[in-house]
Amino acid sequence: MLHLAASSFVRLDAYAPMLLPQAEQDRLAEQFRARVNAGARAAHARTLHPDLAGTTGKVSLMRASKNADGEDRWETRVVSVGELATSDALLWATHISMQRFYGARGSTSLVQLRSLVADVDCHDQAEFRGLAPEEMAGILIERLRSAGKPLPSYILYSGRGLHLVWLHQPLMATPGIVRRHRSVQRHMHGPKGGKPSATVRTASGTRLQDPEVIAHEETMAAVWRGTGLDRGASDPARVLRLAGSYNAKSGQVARLVWPASWTDVQEHDFEDLAASFMPFTREQMACLKAERQASYEQRERARQERRAEQEAAGIPVEVEKPRRRISGGYWAGIVDALDAIRVWWGGTPPEGKRELWGFLSACAIAQVEGGDAATWASRLCGPAGLTEGELQTSLGALDRKLRRHEAGETRDHDGTERSVIYGYSKARMLVLLGLSEDDARAAGAGALLPGGVARSERERSASRRAEAGVQPRAITVSARLSDGREALAMQAAGKAMREIVALFHGRRGETSLRRAMAEASAETTVETLPETVVAAPVETVPEAWEDQSVSIPHGSTATIVAMPGALPPSGAETAPEPFHHPLLDLPDTGFEVSTRSVRLGGPYSGRIISVKADTTPSTRPPMQAFPAPRSEADPLPNGPATVAAGVPVPAFLLRAVRAAGGRLSP
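Residues numbered from 1 in each chain as written. Predicted model: local features only at pLDDT ≥ 70, side-chain atom pairs only at ≥ 80, totals over all residues. Heavy atoms only, no water.

K.L.:
Requested: an account of the overall build of the chain, with residues and values cited.
P.N.:
Within the chain, the regular secondary structure consists of 21 helices and 21 strands. Classification of the 666 residues of the chain by burial places 34% in the buried group. Considering only contacts in the chain between residues 6 or more positions apart, those separated by 24 or more positions represent 66%. Here the chain has roughly 40100 Å² of accessible surface; of this, 54% comes from carbon and sulfur atoms. (Helix = DSSP H or I, 4+ residues; strand = E, 2+ residues; numbered from the N terminus. Buried < 20%, exposed > 50% of the residue type's maximum accessible area, 1.4 Å probe, protein only. Contact = heavy atoms within 4.5 Å. Areas by Shrake-Rupley, 256 points an atom, 1.4 Å probe, with all protein chains shown as cover.)

K.L.:
Break down the packing of aromatic side chains for me, citing the residues and quoting the values.
P.N.:
As enumerated under the stated definition, the model contains 5 aromatic pairs in all. Between Tyr-422 and Tyr-424 the ring centres are 6.3 Å apart and the planes differ by 10°, which places this aromatic pair in the stacked class. For Tyr-422, a relative accessible area of 24% translates into the label partly exposed. Cluster of aromatic residues (ring-pair linked, three or more members): Phe-359, Tyr-422 and Tyr-424. Lying over the aromatic face of Trp-92, Arg-77 brings its terminal NZ or CZ to 4.1 Å of the ring centre. (Phe/Tyr/Trp six-rings, centres within 6.5 Å; stacked < 30°, edge-to-face > 60°. Lys NZ or Arg CZ within 6 Å of the ring centre and 35° of its normal.)

K.L.:
Please provide a residue-by-residue account of the packing of helix α6 (residues 175–189) against helix α8 (residues 270–277), values included.
P.N.:
The interhelical angle for the contact between α6 and α8, taken along N-to-C directions, is 45°, at an axis separation of 9 Å. Judged by the angle between their axes, α6 and α8 are oblique. Note that α6 runs across α8; the crossing there is left-handed. Contacts between α6 and α8 involve Arg-180, His-181, Val-184, His-187 and Met-188 on the former and, on the latter, Phe-270, Glu-271, Leu-273, Ala-274 and Phe-277. In terms of residue class, the contact of α6 with α8 is built from 6 nonpolar, 2 polar and 2 charged. (Axes fitted to C-alpha atoms, helices over the stretch in contact; angles between N-to-C directions. Parallel < 35°, antiparallel > 145°, perpendicular 65-115°, else oblique. Left-handed = near helix turned anticlockwise from the far one by under 90°. Nonpolar A, V, L, I, M, F, W, Y, C, P; charged D, E, K, R; others polar.)

So this is what it looks like as structure tokens:
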């Protein structure tokens, strides 16, 4: 066997002389780590997923790339919590999972829950546009403090928007914990669309929403209004931007904006977060469920007692039929629409329609939540402008109908089984109230329109802009004109444009300011210099002959003159009426008048004014294309010319004949 010395491998390695010294390799590695912000990445990873006792699971690190076909895709690398802070994948990734998993991230592989998140795209919202990340974070922190909600553990600038993260102790992802975690996350984001719902649908039907829930949703809606909150970023498998990573969309690097350092990040207790972001605590929810269950059992006992009494009295008891499920959303919308009609009336229905309005509102409430005449009257007497006793008397029939419905009674309507509760159609309710569709539309009671609420794309866009907090266009234009007038006044006072731009710093940029000044200048020009457009008289050069005939005007010179001031007096000189000779009865055809266009308004105005002569058709007979053929006895120019009677002779021909001493005879 051949034995070689250990140093022989170095001598046999052909690439050994090409290797960099170890010190140079360390320097290049350190330079690379500084270029990819390795310190910020490691600090974020250790804060989000610290390697502590009781920590388990793996973290998904991801970044966007393209496949062989050029399509976008996500690459994922799974790293354990213990190896995360020193992993090379941490220097490669741009996103990190917020929770921990058994393997790759997914809802079925969840092992530990660690945080609650809110992803706000406030960079392109009206209230936050142009602000620094620290200023945007300050606004959100102030809103949370005003609402009495806990502040996030940290706020990360993603390069565009902000990521608000509430860290809590790791929770094992049991089914019950996952459901509660999702519920806290959902209530923290507030209601969908930013508007609390007055009703809630349950397994047994639809009921009115609890006042505590409505108050909580209004509070959270105020916190997130106009922030561009991404409500889809609430699932446990969500990944968010990693600190120190480069955002190619904005060209910015993700960084911590609050607090000042990763060492200042504080962790919350999950139950404290749940108590703050949920409308009810665990104890309150348990009491509420017990009350609802007791109410249900009481109603069921009363029903069974009535059934037993009927059986003891020998009254046949029919088998209960399945009750008709009533859509809560439809009738809840009718309740709101009737209330909008009341507000449109001035807050109280007019005389003669108060009991009718109360009855229709009670019918809709009965379809949604049930009740009795006493509760309906107590709720509606104030808005209807009646006493509780007066309104309760008119609701007795509805109360009896509802009791029959609860007993399972139905009615037949053209072969269709329906409920015995009064159910008026939308059109019928409008007729009873004496309203038209335009009235309902003006009152905002779209649910009463036969076709429902049909909004145009412009209206839907305006609604979305209003919910996002965008100012109406009229306010924006008015503010721009106001700034333009102010800048023009500064310019008139002798200030240079550079000084004016400096004075508007923070309010309006130079480009926007110049546009505002141009619009304000154009507005001032139009308002202070009214223009009167006057047609100048037509200049004519008549030609007189021996028989005092006059030729027609030649070469019209009508123009448009824009001149300030009032119109000329009615007696001003105008163009003379052209003289017609009996033999020169030419057709009165319209002719184009040369015009000079005048541009009115500001630099963005495109109005052009031009004038054209009268082209009213003439009643005279048209001129023949050629005169009658000459006879051999009267050759021109020496002999007399014979012309058919009634045939017009052109002026140039008449002049030529007269110049030659000839004459025309019919």
